[in-house]
Every structure is written in C-alpha cells, then in structure tokens.
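Residue strings, one per chain:
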Amino acid sequence: MKIRQHLESLPPYTPIEPFEVLSARIGREPAQIVKLDANENPYGPLPAVREALGKMEFPHIYPDPESRALRKSLSAFTGIGAEYLLAGQGADELIDLLMRVFLEPDDCILSCPPTFGMYSFDAELNAASCIEVPRRADFSLDMDAIRAAVETYQPKLFFITSPNNPDGSLVDAKMLEELLALPTMIVLDEAYIEFAGDNLGASLSRIREVPARENLIVLRTFSKWAGLAGLRIGYGAFPLWLMPTLWKSKQPYNVNVAASVAAQVSLEHADELSEVVERLKNERTRLFAALQSILYLKPYPTQSNFILCQVTGRDAADLKARLAQEYGVFIRYFNKPGLKDCIRISVGRSQDTNALISALKNL
C-alpha cells in the first residue's frame, strides 16, 4: 500500500508547543514560564466565557452543522449578513477548505513571504504549489512583481495577511484596491486586525466589503483578541456565489459546541474584550520602547500583538535558546529569506515584559 506520492516529500509544519511540553523540556513549572512565542492572548477567555463553558447544557449532542446562533452573533458584530459567514476550527480550517475547493493538482496559489507559513503548507498538502513574491526589505508589497506573477502563473488564490505575520504591517487601502483589480481570488487574512486601528479594527477591516465584491474573502479568528486559541474557533466572510460549495465541502460538525459557546459569549462581551485589547496595545507601546533600549535588537513598528526584531552582533538562535533554558522565556526565532537572524516577541502582560527585558539585559 502507498500514500499519495506528493505527501512523501511534504515538509512538516512546525507548530508551537503548549505549557506542559515546554515545562517538561526545561524543568520549570508552567507558572514559571513566560510564553511569548505564539501570539496568544495572555489574559485568556473572559470570566463570563469560563462560566458559560461550565454550564453547557448539551455537550453530549452534536453541534449545529450550520453554526446558526454563532453566525447570527457574527452578523451583528461584523455588520454583514449571516448568509456570507462560515465558521471553522480556527481560520486554519477555512484556509485548507478554500484550497480543497479551488485547487486541482498542479494548480498554484500566490503569497508574499515572509508571511504565515500555513498558506504554502496547505497548498502542498493539496498537491498544488505556492508561488512566492517576496516582500521588500521594509515588508511592503512589490506590486509590479505581483502583477507579473499573476499574469504568468494565474494563481487560483492569492493570500494576503494584514496585519502581516511576522512583522505586523498593514496593507494600505490603495494597495488593496490594486490587488482586488487582479484576476484572482483575494483571501485577506485579518487574524490580527483587532489590534490595529480603533474599535477592534473595525476602522481598518475590509470585511464589510465582501458582499459587494466577487473576488474578496476575509478570514478572522477568536484565537488572538478573544483568548480562545485552545478552543480553535474562527470565521470567514465569502462571496455569496461561493457559499453553496463551501457548505457541502466542509466537515458536517466542524465547530464544536464549546468553541461555539465561547465565541458567542465573547461577542456578547465585546466591550470587555476591547478593554483587554487596549491593555495589550498599551503594553505593545511599552515593550517596543523597551526593546529599542537593547543595543543588539532592532524592533520593527507593528499593528499587531507581536513585535519582530532584527538581532545584530550576536547569534539569534542562541539568544532564543538561552532565554528559554536560563530564564524560562519563550520567543519565536526565524532564519529564512527575509527574516535572517530575526526573533518575534508576543505582547504579554506587564510582568511578562519585565521578565523578558530583564533577561535580555542580563544576556
């Protein structure tokens, strides 16, 4: 018996590990770990969410396959009709779903690295390829190269993240209009939009434009702003013509009841979550200033809940390893095109910033 041939050479995706694994690895209790490596919300779910999870009436019953109650709440939150909305196990499931719906073997997608690694991973998983148009040194998009790539390769999907991961930069309105004029489906990943602009990103999000566009998809998640990364819940807004295919292509019970309850209660208390997000944005400002004081780091401006830094004059991989082993501080390390000797630091609580900066200065 043989597996599909293209999977034999598929490189594995490297995920971030949870507290219990990190704890066992370095011999520290979870409470002694400062986890700033996965852009999680350190405050976790709201108290109202935790209470609601403990009072669920029907965890033994299969969830609503259409997530109707959640989509109604999302409609009120986003300002677009529920008929345009689909929920998933995080935005990751929806990325893979789009690949399965659009891509034939040997088709291609387009992305602009450095960016979220799941785009290329899912493309290869679906026997397609990922055409990459690198960003400029300041992480801006190279529009001329993008136009040339679209014309040459005719990608079925074009994934753009705004704010981009790992640098936190936004795609400006003029650039996005140019992208939407291209003959391809634009998938705008807004996983971190709540940390940009005002009112949980509402002033900058393009999600309300989906009903008027034939080639715009916007993806969002509860993992970051709402502190629900462990429950895996996200959603997307899709053109109406695409929805029938998505409904019949997704797994029937893809959103579990706990995630659905947590997301709905989070939306009911969006004002409280907005306060948490503002607290993180204020801490982001403080962390950025503190990182500027570290002589061997060059932090990049960001509109997200993380800060990318260039490491100069020392080994970035060694810095990451020593922070973890000697201080229990975990950060992300990159060493690939466009990110040579870079680290990414998630914005945490004030005590997390204090522990990180103290360790960086000691090192």
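Preceding block: the structure.
Keep in mind the model is a prediction, meaning the values are calculated, not measured.

Looking now at the pairing of strand β6 (residues 185-189). Of all the 5 residues making up β6, 5 are buried; the element is thus mostly covered by neighbouring parts of the structure. Neither face of β6 is open: one carries Met 185, Val 187 and Asp 189, the other Ile 186 and Leu 188, and all of them are buried. As defined by bridge partners, strand β5 (residues 157-161) adjoins β6 across 5 bridges and the pair is classed as parallel. Among the inter-strand pairings, Phe 158 is bridged to a residue of β6, identified as Ile 186. For the handedness criterion, the β-α-β arrangement of β5, helix α8 (residues 173-180) and β6 is classed as right-handed. One ladder, built from 4 bridges, connects β6 with strand β7 (residues 216-221); its direction is parallel. Each residue of the ladder has a partner; that of Leu 188, found in β7, is Val 218.

Our focus in this paragraph is the layout of surface pockets. Of the voids in this model, the second largest pocket is the one considered here, and its volume is about 330 Å³. Lining the second largest pocket we find 19 residues, and of these Phe 58, Val 257, Ser 260, Val 261 and Gln 264 sit closest to its centre. Listing elements by their share of the lining of the second largest pocket, those giving two or more residues are α4 (68-78) and α10 (257-268). Per-element accounting of the lining of the second largest pocket gives the leading share, 4 residues, to α10. For the lining of the second largest pocket, the residue count by class is 12 nonpolar, 3 polar and 4 charged.

Conventions we followed
Residues numbered from 1 in each chain as written. Predicted model: local features only at pLDDT ≥ 70, side-chain atom pairs only at ≥ 80, totals over all residues. Heavy atoms only, no water. Buried < 20%, exposed > 50% of the residue type's maximum accessible area, 1.4 Å probe, protein only. Helix = DSSP H or I, 4+ residues; strand = E, 2+ residues; numbered from the N terminus. Pairing = 2+ DSSP bridges. Right-handed = clockwise from strand over helix to strand, strands pointing away. 1 Å grid on protein atoms, 1.4 Å probe; cavity = no way out; pocket = protein on both sides within 12 Å on 5 of 7 lines; lining within 4 Å. Points joined across faces, edges and corners; volume = space filled by probe spheres on them. Nonpolar A, V, L, I, M, F, W, Y, C, P; charged D, E, K, R; others polar.

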